[in-house]
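Residue-level structural notes
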Amino acid sequence: MARAASSARLTVITGPSGVGKGTLVSRLLQRQPRIWLSISATTRQPRAGEVDGVHYFFLSRDAFEAQVAAGGFLEWAEFAGNLYGTPRQPVEQHLAEGRPVLLEIELEGARQVRHSFPSGQQLLIQPPSFEELERRIRGRGTDSEAAIAKRLERARVELAAAAEFDACLVNGDLEVALADLEQLMDLGTSKS
Ligand code: ADP
Ligand code: 5GP
């Protein structure tokens, strides 16, 4: 696939469900509006408050599979029983325009992007402890017991893959994690 002609960088953020990726990324975007965050497609049902085309493109399994067949995804993977994928064209377009591009995706997708964008940066967000991770998933109050069990099982696999990443970042204190993330992305810190 085409590589970015500019110096714009692709950053992949991965980490177990509930570790705080969404929280960190939304704070980062407030502070760094030039970053472009990819909007993924998924077959999962929207959670309360999630808007189609804003948080995700919510697709039927058939529609998702048609996009896969058409080569429309940069990467895609199954996670906890649902399909998730990164639409290819907008990522390539924003990199070509020179915008820093951020993907917030799970481990299998990160592995695929490592091949298509070897110059990209891959960051793993870690919880302060596994107990705190479970507290956060439950505290979010959006997932069923069955979904929580699948996410915790998957979390162990994701956390065990730490050595594959360019850097790991512990999301303990949110402000500290945010500053660390800005530093790793070479963005400089700015006050919120
Ligand atoms: P993810 O996107 O990784 O699944 P979320 O951003 O939805 O995770 O965060 C999961 C829960 O943890 C949310 O209720 C969020 O408010 C909380 N959370 C996120 N970061 C922190 C943090 N640094 N300290 C304590 N709670 C946090
Ligand atoms: P959630 O259902 O909690 O929104 O997301 C579940 C998992 O799917 C998270 O680990 C999230 O990073 C991942 N995810 C979201 N979008 C994509 C995507 O486009 N591709 C892949 N591979 N994973 C994604």
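1. Considering the site of ligand 2
If you check the shell around ligand 2, you find 16 residues, and the closest are S40, R44, Y56, Y84 and E104. Within the side chain of R44, a nitrogen or oxygen atom sits 2.6 Å from an oxygen atom of ligand 2. One of the side-chain N or O atoms of R47 is found 2.9 Å from an oxygen atom in ligand 2. When the free accessible area of ligand 2 is taken as 510 Å², the share hidden by the protein chains comes to 96%. A majority-of-atoms criterion places ligand 2 in the largest pocket.

2. Quick notes on the packing of helix 5 (residues 130-140) against helix 6 (residues 145-160)
The N-to-C vectors of helix 5 and helix 6 enclose an angle of 145°; their axes lie 11 Å apart at closest approach. In this structure, the crossing between helix 5 and helix 6 has a hand that is right-handed. Along the contact surface, helix 5 presents F130, L133, E134, I137, R138 and R140, while helix 6 presents E145, I148, R151, L152, A155, R156 and L159. Counted by class, the contact of helix 5 with helix 6 contains 7 nonpolar, no polar and 6 charged residues.

3. Some details on the sheet that holds strand 2 (residues 36-37)
The parallel open sheet is built from 5 strands, whose spatial order is 2-7-1-8-9. The sheet is open, and its two edges are formed by strand 2 and strand 9 (167-170), each paired on a single side. Against the sheet, helix 1 (residues 21-31) engages strand 1 (10-14), strand 2, strand 7 (101-104) and strand 8 (121-126), with an angle of about 165° to strand 7. Packed on one face of the sheet, helix 7 (residues 174-184) meets strand 1, strand 8 and strand 9 and runs near 160° to strand 9.

4. A look at the pairing of strand 8
With respect to burial, strand 8 is a largely interior element, 5 of its 6 residues being buried. Two elements, strand 1 and strand 8, share 4 bridges in a ladder whose sense is parallel. Across the sheet, residue T11 finds its bridge partner in strand 8, namely Q121. Direction of pairing for strand 8 relative to strand 9: parallel, over a ladder of 4 bridges. Note on strand 9: the bridge partner recorded for Q126 is V170.

What counts, and at which threshold
- Residues numbered from 1 in each chain as written.
- Chains lettered and ligands numbered in written order.
- Predicted model: local features only at pLDDT ≥ 70, side-chain atom pairs only at ≥ 80, totals over all residues.
- Heavy atoms only, no water.
- Near = heavy atom within 4 Å.
- Polar contact = N/O pair within 3.5 Å; in protein donor to acceptor, adjacent residues only side chain to side chain.
- Areas by Shrake-Rupley, 256 points an atom, 1.4 Å probe, with all protein chains shown as cover.
- 1 Å grid on protein atoms, 1.4 Å probe; cavity = no way out; pocket = protein on both sides within 12 Å on 5 of 7 lines; lining within 4 Å.
- Sits in = over half its atoms within 2 Å of the grid points.
- Axes fitted to C-alpha atoms, helices over the stretch in contact; angles between N-to-C directions.
- Helix = DSSP H or I, 4+ residues; strand = E, 2+ residues; numbered from the N terminus.
- Left-handed = near helix turned anticlockwise from the far one by under 90°.
- Contact = heavy atoms within 4.5 Å.
- Nonpolar A, V, L, I, M, F, W, Y, C, P; charged D, E, K, R; others polar.
- Pairing = 2+ DSSP bridges.
- Buried < 20%, exposed > 50% of the residue type's maximum accessible area, 1.4 Å probe, protein only.

Read these as spatial facts, not as claims about activity.
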